[in-house]
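# Structural features, examined
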Amino acid sequence: MNSMKTRLTEYPAMKAHRTPTPIVCTVDVVLLTLKESTLQVLLLKREQAPFAGAWALPGGFVHADVDADTQESAARVLKEKVGIASPYLEQLATFSGLARDPRGWSIAVTYCALVSFDELQAALANDVERAAQLQLCDVDALPQLPFDHAGIVDAAVARVRSKSLYSSLPVFLCGPEFTLPQLQQTYEAVLGESVNKVSFRRKMDELDMLEAVPGAMRGGAAHRPAQLYRLRAEFRRSLSLLERGL
């Protein structure tokens with residue numbers, strides 16, 4: 001007993017109990033698309049303080065009563081604020097600290113979403129009011145963004161460009177059906193460099209992610225009709241990976 005008392009006296013007196021400061025917990029989504037072969041990010045005009053009226057990433061609070069996890073939070077934010085369900089949604093990183101949000105210590109779980117430009121346009125076509133609150137911006141020419149959203153976009157772009165070297169990721173920018181030349185152009189737009197045609201076709205065979213659309217061809221006046229392809233069912237929500245990059 002005496003030895004126990006001795007050990008207890010070695011520790012400083014416990015501090016008086018205090019209520020912890022609430023932490024702001026949000027999700028932010030970097031939605032990327034290709035417009036005229038340029039990688040662009042979707043921005044949303046903020047309606048409320050802080051930074052009311054500024055262009056920012058679509059985001060929102062985690063709703064603990066309805067969201068099973070932050071993935072569901074991100075999907076809900078996209079649906080509520082953009083009106084779209086992204087075919088590909090991947091957790092990017094966690095950004096946290098006292099300095100990033102004037103409301104106090106905050107944590108943001110960020111996600112990257114990819115969607116074709118045609119699908120994005122179609123989602124906004126019948127909602128003029130929502131479309132007026134959204135704009136696309138070249139990822140290499142961002143306006144001044146609030147919080148640490150510029151850094152979040154940079155992290156997403158770096159992730160997508162790196163992952164595109166060894167995976168099927170760019171296919172989610174193509175839409176449901178596409179030709180192999182269109183897919184190659186998409187890879188080149190994301191990577192910012194040309195890709196050898198023979199090497200590209202070989203890598204697509206290795207990925208084994210595509211299936212031909214029976215009887216479906218696409219072509220223009222100057223070219224022969226080209227076979228249309230689509231993602232195989234097992235890769236419509238996940239990636240196919242290469243052992244060696246492009």
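We now turn to the structure provided with this report. Note that the structure is a prediction, hence the values are computed from the model and not measured. (Residues numbered from 1 in each chain as written. Predicted model: local features only at pLDDT ≥ 70, side-chain atom pairs only at ≥ 80, totals over all residues. Heavy atoms only, no water.)

It is possible for side chains of opposite charge to pair when their charged atoms get near one another. Scanning the model with the defined rule gives 14 salt bridges in all. Of the charged contacts, one joins R100 and D148 as a salt bridge, the two residues approaching to 2.9 Å between their closest N and O atoms. Note that R100 is positioned in the loop between β5 (88–97) and β6 (106–114) and D148 in the loop between β7 (134–138) and α5 (149–164), a separation of 48 residues in sequence. For R100, a relative accessible area of 10% gives the class buried. Across the salt bridge formed by K203 and E206, the nearest N and O atoms sit 3.6 Å from each other. Of this pair, K203 and E206 are both found in helix α7 (residues 197–207), 3 residues apart, which corresponds to roughly one turn of the helix. On the basis of relative accessibility, which here comes to 43%, the residue E206 falls in the partly exposed class. The structure contains a network of salt bridges with shared partners spanning D28, R100 and D148. (Salt bridge = Lys/Arg side-chain N within 4 Å of Asp/Glu carboxyl O. Helix = DSSP H or I, 4+ residues; strand = E, 2+ residues; numbered from the N terminus. Buried < 20%, exposed > 50% of the residue type's maximum accessible area, 1.4 Å probe, protein only.)

Okay, the state of the cysteines next. Inspection of every chain in the model, using the stated rule, returns 0 disulfides. Left without a disulfide partner, C25 is nearest to the cysteine sulfur of C112, which lies 19 Å away. The thiol of C137 is not disulfide-bonded; the next cysteine sulfur, from C112, is found 15 Å away. (Disulfide = S-S within 2.5 Å.)

Bringing α7 into the picture now. Listed as buried for α7 are S199, F200, K203, M204 and L207. Taken around the axis of α7, the buried residues stretch over an arc of 135 degrees, which confines them to a single face. Among the exposed residues of α7, those pointing more than 90 degrees away from its buried face are V198 and D205. Packed against the buried residues of α7 are α6 (180–191). Capping the start of α7 is the job of one residue whose side-chain oxygen sits 3.0 Å from the backbone nitrogen of V198: N196. Downstream of α7 by a residue or two, D208 has a phi angle that is positive, lying close to 55 degrees. (Arc of directions from axis to C-beta. Contact = heavy atoms within 4.5 Å. Polar contact = N/O pair within 3.5 Å; in protein donor to acceptor, adjacent residues only side chain to side chain.)

The next thing to look at is a nonpolar patch on the surface. Where nonpolar side chains cluster on the molecular surface, the patch consists of I23, L98 and W105 and spans about 330 Å² of accessible area. Within the fold, I23 resides in the loop between α1 (2–9) and β1 (24–35). (Patch = residues over 30% accessible without salt bridge, like charges linked within 9 Å, V, L, I, M, F, W, Y side chains within 5 Å. Areas by Shrake-Rupley, 256 points an atom, 1.4 Å probe, with all protein chains shown as cover.)

Below, the discussion takes up unusual backbone geometry. A cis amide bond links A49 with the next residue in sequence, P50, at an omega value of 0 degrees. In this fold, P50 is placed in the loop between β2 (38–45) and β3 (55–56). In the Ramachandran plot, F51 falls in the positive-phi region, its phi being about 65 degrees despite a non-glycine side chain. Its place among the elements puts F51 in the loop between β2 and β3. Unlike most non-glycine residues, D208 shows phi in positive territory, near 55 degrees. Structurally, D208 is set in the loop between α7 and β8 (210–218). Taking the relative accessible area as the measure of exposure, D208 reaches 44% and is therefore partly exposed.

Another aspect to go through is the side chain of S106. Of note, S106 is situated in strand β6. With a relative accessible area of 0%, S106 lands in the buried category. Leave out the neighbours within four places in its chain, and S106 touches I23, V24, F95, S96, G97, R100 and D101.

What follows concerns the packing of aromatic side chains. A full pass over the atoms with the stated rule returns 3 aromatic pairs. Summarising the aromatic geometry, the rings of Y88 and F172 are spaced 4.9 Å apart at their centres and angled 25 degrees between planes, so their arrangement reads as stacked. Here Y88 is found in strand β5, whereas its partner F172 is found in the loop between α5 and α6, with 84 residues between them in sequence. Arranged with centres 5.3 Å apart and planes meeting at 70 degrees, the rings of Y187 and F200 form a pair that is edge-to-face. Of this pair, Y187 sits in helix α6 while F200 is found in helix α7, placing the two residues 13 residues apart along the sequence. Here Y187 matches F200 in class, with each residue buried. (Phe/Tyr/Trp six-rings, centres within 6.5 Å; stacked < 30°, edge-to-face > 60°.)

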